[in-house]
Amino acid sequence: MDWSHSLRLIAPEETLSIAGLILLLLAAWGGDKASRLISILAVAALVGATALVAPALCGGAMGADTSAFFGQFRADAFSSYAKILIYLSAAVTLVVAPAFFERTAAMRAEFPVLIVFAALGSGMMVSASDLLTLYVGLEMNSLAAYVLAAFVRTDGRSAEAGLKYFVLGALASGILLFGMSLTYGFTGTTSFDGINAALAGGLSNGAVFGIVFMLAGLAFKISAVPFHMWTPDVYEGAPTPVTTFFATSGKVAAVGLTMRVLLDAFGDQAAAWRQIIVFIALASIIVGALGAIGQKNIKRLMAYSSINNVGFILVGLATANVQGASAMLFYMALYVAMSLGGFVAILMLKDEAGRPVEDIQSLGGLSRTRPGLALALAIVMFSLAGIPPLFGFWGKFLVFQAAVEADLMALAFIGFAASVIGAFYYLKVVKIIYFDEPVNAVTGESDVWHKAILVVTCLIMSPLGYLLTRWLSGLTDTAATALFFTS
Amino acid sequence: MSGFPILSLMLAVPLAAALACLFLEAKAARTLALVATLVDFALGVVLWLNFDVGGAQWQFTERLEIFSGFSWALGIDGIALLLIMLSVFLMPICIGASRSIEKRVGEYMAAFLLVETLMLGVFMAQDIFLFYMFFEAGLIPMYLIIGIWGGADRIYASYKFFLYTLLGSVLMLVAMLWMVHTAGTTDVPTLMAYDFAPSVQTWLWLAFFASFAVKMPMWPVHTWLPAAHVQAPTAGSVILAGVLLKMGGYGFIRFSLPMFPEASAYFGPLVWGLSMAAVVITSLIALVQNDMKKLIAYSSVAHMAIVTLGLFAFNVQGLEGSMLVMLSHGLVSGALFLCVGVIYDRLHTREIDRYGGLAINMPRYALFFLLFTMASIGLPGTSGFVGEFLSLGGIYQVSTWAALIGTTGIILGAAYMLFLYRRVVFGEQKNADAAAMPDLDTRELLMVVPLGLAVMWMGVYPESFIAPMRADIAALDARLARAKPHGDSAPTTGKAKPAHAESAAHGGSH
């Protein structure tokens, strides 16, 4: 194991760290006036890092060659796939943010820097192959995220979101650490491979407790029921671009990390954690769907929708096989596209003065005042509901296909039936947009970048998206195989 | 087959027109929609003319492996051909019937053309997942049509329609996933010949039944239908009754029966029971309706029950009969909704009591309404007779009781339809505004005359419609032969049955 090999493997992380530090200096001397330049450079750094990780995915990198720093870090096809999603959604966040902060002059030079560091932490999470890397990545991401949630200092709701996220996030980190220490105590190692080997002889009670506590901490990060309570408050309170970031990049990182821990470190102990995953998957689907019904704020609605969608993603995890993991990765790519589309559409809901319109009722009759935006929102809603022929259906289809082929018939039946409950609140939004009389609350002009991103995501969500299935399935299969590759 | 992808073209024409309509003014959108549906109808005629009766089972097949997990596979047999013809025939009439729509015309036409694309896709799909996508996707435009252009209670009706049918379909999807996993293919013709173990067939059949019974709709899951029908605009009702209801029947004939013969036989009595209940109960409900559209909606449920009786008779007569009932009901109930729409456009009420004595001021209307009323009752010489007679003849061979109770549907049908006709068209002109209504104009005549001709054609010479599907029905019958239930009509001597079969053949192959 030579250092140069390790340093080559972490080139994307180096790029982002150095870019982040330089941009921080720029921010310190340039001040808020330089925020535009810093944003552009940050986007460039993120796109550059994407280009650096892409070869690992296309080349199907897996095995010992991808392991850096004595098994601390793994730069295989799986992490590459997740990092591409993370970096690209971070870049999109930076592209859409200025128009949002413009009105209140809240755009500060630190914003792009924080996003870069959060994305860096997220990338480390999905590359972790040791409990220590896992924790360092997680905290790197979380600390930036806490600040981002509270970014609009003048807004009480934003401060509240930041504080809630911080207190509950710290609690979850504590629980996770407790689980990690139990795991370490009962296996004598922090490396995922080592844990896997140590547990080969069977699971002791202490190790089971370790798994349970780690799962509790991870469930918090992916906002799965019963650790989802923070999500609606944080999603609602945080500035919308930050919410976009949490719902896309943060979600991919947390789910990717969960997959690493469960399928890699505890991969041979699937029987021990499967029923936990089945429970939190179904609970997330049902609670997310029921909770969304009464919501009046569209961002809160999207928060419950994300809880609901995490439930569907976890259905793939319950299979604990390559096919399920591949389906999860596919679903995540779709979910990122749907969330980006959805939140960008929400960013475009502004009144005459540019204030955001978040009340669902004030979207009434949007189809007559803003037909294009209304159509985009309808596409997002039907796609999130998983109604064919929109592309969102295919994500659900794949995870349930994996579940059926792993003989988890009951899970598939209940999960699918519960998706009908979810369809109700998506329909409600469409009903308000299309059936109600116009209330004319959304009159503000939209940013051209917002429009462009909305058009792209809507095209992906449209039936045209199915043309991507062959290519994307190939990538997810490679990534999932890399995750299960045992050297 | 021929290399020209005519099926894809038939899907592409309305789809392209739908997208274009979104950007057009009201008048241009109307014209474009009419042109697109007429072009599709012309393509349908070409399709029928080129269909090789007695040739290969699957014709005009196309297959493109452009997706992972499923493929763009299209192809039709005689059964699908007839239902496709029904759809493309009704669509221009629906567009014509939408004159009274004044708000958001472009979107309306786009939604209708989208519905046409998806309906045709359902009948053409040869990949089970492609079928599912078309089957499900129809929900979105129908939801919008009912919700935006519907009547007073449209929101409730649109939710009910959407969620009911969605719940049915997702259960079917789980079953499909299992089947594909087991059989290792998504190809419908292969799956139709695959023998699933009888013990799992039970579960698969129930999952498919959950979906098709709701779409059909069968009693007691029919309650979305009156709500949706009454609230939908006229053209929406026509297309809902005319074609969308046929998806349930098509599903049974394409999936449930050939894929799960044993389970179909096992659950036959359940279907008969539900159908018998439906015939009697919904006919009685129809009898007491004051709302014309609701009355016709309930009559649809009763007619669909005769379809299911025929389908689960497990013999050629019953299967052919139920196909003919479906086609006939598509024409007749569409025409009846159109007739209601004609007077609704004039008086803006569907209440039966507000009309009366229309024969005096609207004689041509009265004539056509009478023709369709008679066809709905099943008068010999109209399309309704042939199908109902064959279906009931078919079910008689396996269950005399089901045939007996099913036949009461015809008597009750005569009662509620004649009662409706008497109240609306005969009697004295008690309402001045109804008495002042003008007769059918050219546009309306252009819509009802083709329907009237088709109804008479099917009634007088049904062979044209039976010929394309004869081989497919025979193949299905052969597939079902191993699970055929024993009949209780027990024809001991050779006397009673030949007379029966002869009269059926009389109606069938003249």
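Residues numbered from 1 in each chain as written. Chains lettered and ligands numbered in written order. Predicted model: local features only at pLDDT ≥ 70, side-chain atom pairs only at ≥ 80, totals over all residues.

For chain B, the name recorded in an unreviewed UniProt entry is NADH-quinone oxidoreductase subunit M, with Novosphingobium silvae as its organism.

Chain A carries the name NADH-quinone oxidoreductase subunit N in an unreviewed UniProt entry, which gives Novosphingobium silvae as its organism. Of the comments in the UniProt record for chain A, the one headed Subunit (unreviewed entry) reads "NDH-1 is composed of 14 different subunits. Subunits NuoA, H, J, K, L, M, N constitute the membrane sector of the complex." (UniProt positions renumbered as here; feature names shortened; annotations may be inferred.)

K.L.:
Lay out the overall build of chain B with the relevant residues and their values.
P.N.:
If you tally the helices and strands in chain B, you get 23 helices and two strands. Its C-alpha atoms give chain B a radius of gyration of 22 Å, within 12% of the compact-globule value 24 Å for 510 residues. Counting all 510 residues of chain B, 61% fall into the buried class. Partitioning the intrachain contacts of chain B with sequence separation of at least 6 by distance along the chain shows that 81% fall at a separation of at least 24. (Helix = DSSP H or I, 4+ residues; strand = E, 2+ residues; numbered from the N terminus. Rg over C-alpha atoms; globule rule 2.2 N^0.38 Å. Buried ≥ 20, exposed ≤ 12 C-beta atoms within 10 Å, placed from the backbone. Contact = placed C-beta atoms within 7 Å.)

K.L.:
Just give me the short version of the overall build of chain A, but keep the residues and values in it.
P.N.:
Broken down by element type, chain A carries 20 helices and two strands. Computed over C-alpha atoms, the radius of gyration of chain A comes to 21 Å, within 12% of the 23 Å expected from 2.2 N^0.38 for 487 residues, which places it in the range of a compact globule. Residue pairs at least 24 apart in sequence account for 80% of intrachain contacts in chain A once pairs closer than 6 positions are excluded.

K.L.:
Can you explain the UniProt feature "domain: NADH:ubiquinone oxidoreductase chain 4 N-terminal" (unreviewed entry) in chain B? Please cite residues and give values.
P.N.:
Residues annotated by UniProt as "domain: NADH:ubiquinone oxidoreductase chain 4 N-terminal" (unreviewed entry) correspond here to residues 65–120 of chain B. For the annotated span residues 65–120 of chain B, helix accounts for 62% and strand for 9% of the residues, and the straight-line distance between the end C-alpha atoms is 20 Å.

K.L.:
Talk me through the confidence of the model for chain B; I want residue IDs and the actual numbers.
P.N.:
Residues and elements named next belong to chain B. Across chain B, pLDDT averages 84, with 95% of residues at or above 70. Per-element confidence in chain B is highest for helix α5 (residues 128–137), whose mean pLDDT is 90, and lowest for helix α23 (residues 496–508), whose mean pLDDT is 49. Considering only residues more than four positions removed or in separate chains, one finds that residues 504–510, a stretch of pLDDT under 50, has 15 contacts. Confidence estimates for the predicted assembly give a pTM of 0.89 and an ipTM of 0.87. (pLDDT = per-residue confidence, 0-100.)

K.L.:
Give me the lowdown on unusual backbone geometry, citing residues and values where you can.
P.N.:
Residue and element names in this part refer to chain B. In the segment running from Met 216 into Pro 217, the intervening peptide bond is cis, with an omega of -10 degrees. Relative to the helices and strands, Pro 217 is located in the loop between α9 (198–215) and α10 (224–231). Following Trp 219, the chain continues to Pro 220 via a peptide bond in cis, the omega torsion being 5 degrees. Summarising the element assignment, Pro 220 is placed in the loop between α9 and α10. The backbone phi angle of Phe 314 is positive, close to 60 degrees, even though this residue is not glycine. By secondary structure assignment, the location of Phe 314 is in the loop between α14 (292–311) and α15 (316–347).

K.L.:
Lay out the environment of Val 279 of chain B in plain terms, naming residues and giving numbers.
P.N.:
Residues and elements named next belong to chain B. Within the secondary structure, Val 279 is located in helix α13 (residues 261–287). Put simply, Val 279 and Ile 410 are 131 residues apart on the chain and 8.9 Å apart in space, counted from C-alpha to C-alpha. Not counting the four nearest positions on each side in its chain, Val 279 is found in contact with Ala 302, Ala 305, Ile 306, Ile 405, Gly 406, Thr 408 and Gly 409.

K.L.:
Account for helix α10 (residues 230–237) of chain A, naming residues and giving values.
P.N.:
Residue and element names in this part refer to chain A. Extensive coverage of α10 is indicated by the burial of six of its eight residues. Where α10 is concerned, the buried positions are Thr 231, Pro 232, Val 234, Tyr 235, Glu 236 and Gly 237. In this structure, the buried residues of α10 make contact with α6 (131–149), α7 (156–187), α11 (240–265) and α13 (298–319).

K.L.:
Could you give an account of helix α22 (residues 463–480) of chain B, naming the residues involved and the relevant values?
P.N.:
Helical periodicity: at 3.6 residues per turn, an α-helix aligns residues three or four positions apart in one direction. Residues and elements named next belong to chain B. Here α22 is 18 residues long and its end C-alpha atoms lie 24 Å apart, about the 26 Å a rise of 1.5 Å per residue gives. Approximately 50 degrees is the largest bend angle found in α22, and it occurs at Met 469. Buried residues of α22: Phe 465, Ile 466, Pro 468, Met 469, Asp 472, Ile 473, Leu 476 and Leu 480, and no others. (Expected span 1.5 Å × (residues − 1). Bend = angle between axes of the 7 residues up to and from the residue.)

K.L.:
Let's hear about the interface of chain A and chain B: which residues, and what values?
P.N.:
Facing 25 residues of chain A, the contacting portion of chain B comprises 26 residues. If you list the elements that add at least two residues to the side of chain A that touches chain B, you get α17 (392–405), α18 (409–434) and α20 (469–484) of chain A. No other element matches α18 of chain A, which puts eleven residues into the side of chain A that touches chain B. A class-by-class count of the residues in the side of chain A that touches chain B yields 18 nonpolar, four polar and three charged. (Nonpolar A, V, L, I, M, F, W, Y, C, P; charged D, E, K, R; others polar.)

K.L.:
Explain the environment of Leu 120 of chain B residue by residue, including any values.
P.N.:
Structurally, Leu 120 of chain B is set in helix α4 (residues 105–124). Residues Leu 120 of chain B and Phe 135 of chain B, 15 residues apart in the sequence, show an inter-C-alpha distance of 9.8 Å.

K.L.:
Tell me what's going on with the nonpolar core, and back it up with residues and numbers.
P.N.:
Grouped together as the largest cluster of nonpolar side chains are 408 residues, with contacts concentrated most on Val 116, Ala 318, Tyr 331, Met 332 and Val 399 of chain A together with Val 174 of chain B. Broken down by element, the residue count for this core peaks at 19 residues, all from helix α14 (residues 322–347) of chain A. (Core = buried A, V, L, I, M, F, W, Y, C linked by C-beta atoms within 7 Å.)

K.L.:
Break down the packing of α15 of chain B against helix α21 (residues 442–460) of chain B for me, with residues and values.
P.N.:
All names here are of chain B. The interhelical angle for the contact between α15 and α21, taken along N-to-C directions, is 150 degrees, at an axis separation of 10 Å. Judged by the inter-axis angle, α15 sits roughly antiparallel to α21. By crossing handedness, the relation of α15 to α21 is classed as left-handed. The segment α15 lies against α21, with Leu 327, Ser 328, Leu 331, Val 332, Gly 334, Ala 335, Leu 338 and Val 342 engaging Glu 444, Met 447, Val 448, Leu 451, Ala 454, Val 455 and Met 458. By residue class, the composition of the contact of α15 with α21 is twelve nonpolar, two polar and one charged. (Axes fitted to C-alpha atoms, helices over the stretch in contact; angles between N-to-C directions. Parallel < 35°, antiparallel > 145°, perpendicular 65-115°, else oblique. Left-handed = near helix turned anticlockwise from the far one by under 90°.)

K.L.:
Lay out the packing of helix α1 (residues 6–21) of chain B against α4 of chain B in plain terms, naming residues and giving numbers.
P.N.:
All names here are of chain B. Axis separation between α1 and α4 bottoms out at 7 Å; the angle between their running directions is 165 degrees. One way to sum up the angle between α1 and α4 is to call them roughly antiparallel. In this structure, the crossing between α1 and α4 has a hand that is left-handed. Contact residues: Leu 7, Met 10, Leu 11, Pro 14, Leu 15, Ala 17, Ala 18 and Cys 21 in α1; Gly 106, Met 109, Ala 110, Leu 113, Leu 114, Glu 116, Thr 117, Leu 120, Gly 121 and Met 124 in α4. In terms of residue class, the contact of α1 with α4 is built from 14 nonpolar, three polar and one charged.

K.L.:
Go over the pairing of strand β2 (residues 72–76) of chain B with me, naming the residues and quoting the values.
P.N.:
Residues and elements named next belong to chain B. Burial runs high along β2: four of the five residues are buried. Sheet analysis places strand β1 (residues 59–64) next to β2, joined by four bridges and oriented antiparallel. Bridge pairing in β2 links Glu 62 to Leu 74. (Pairing = 2+ DSSP bridges.)

K.L.:
Outline the environment of Phe 391 of chain A, listing residues and values.
P.N.:
Mapped onto the elements of the fold, Phe 391 of chain A is located in the loop between α16 (371–385) and α17. Setting aside residues no more than four positions away along its own chain, Phe 391 of chain A makes contact with Leu 334, Ser 383, Ile 460, Met 461, Ser 462, Gly 465 and Tyr 466 of chain A.

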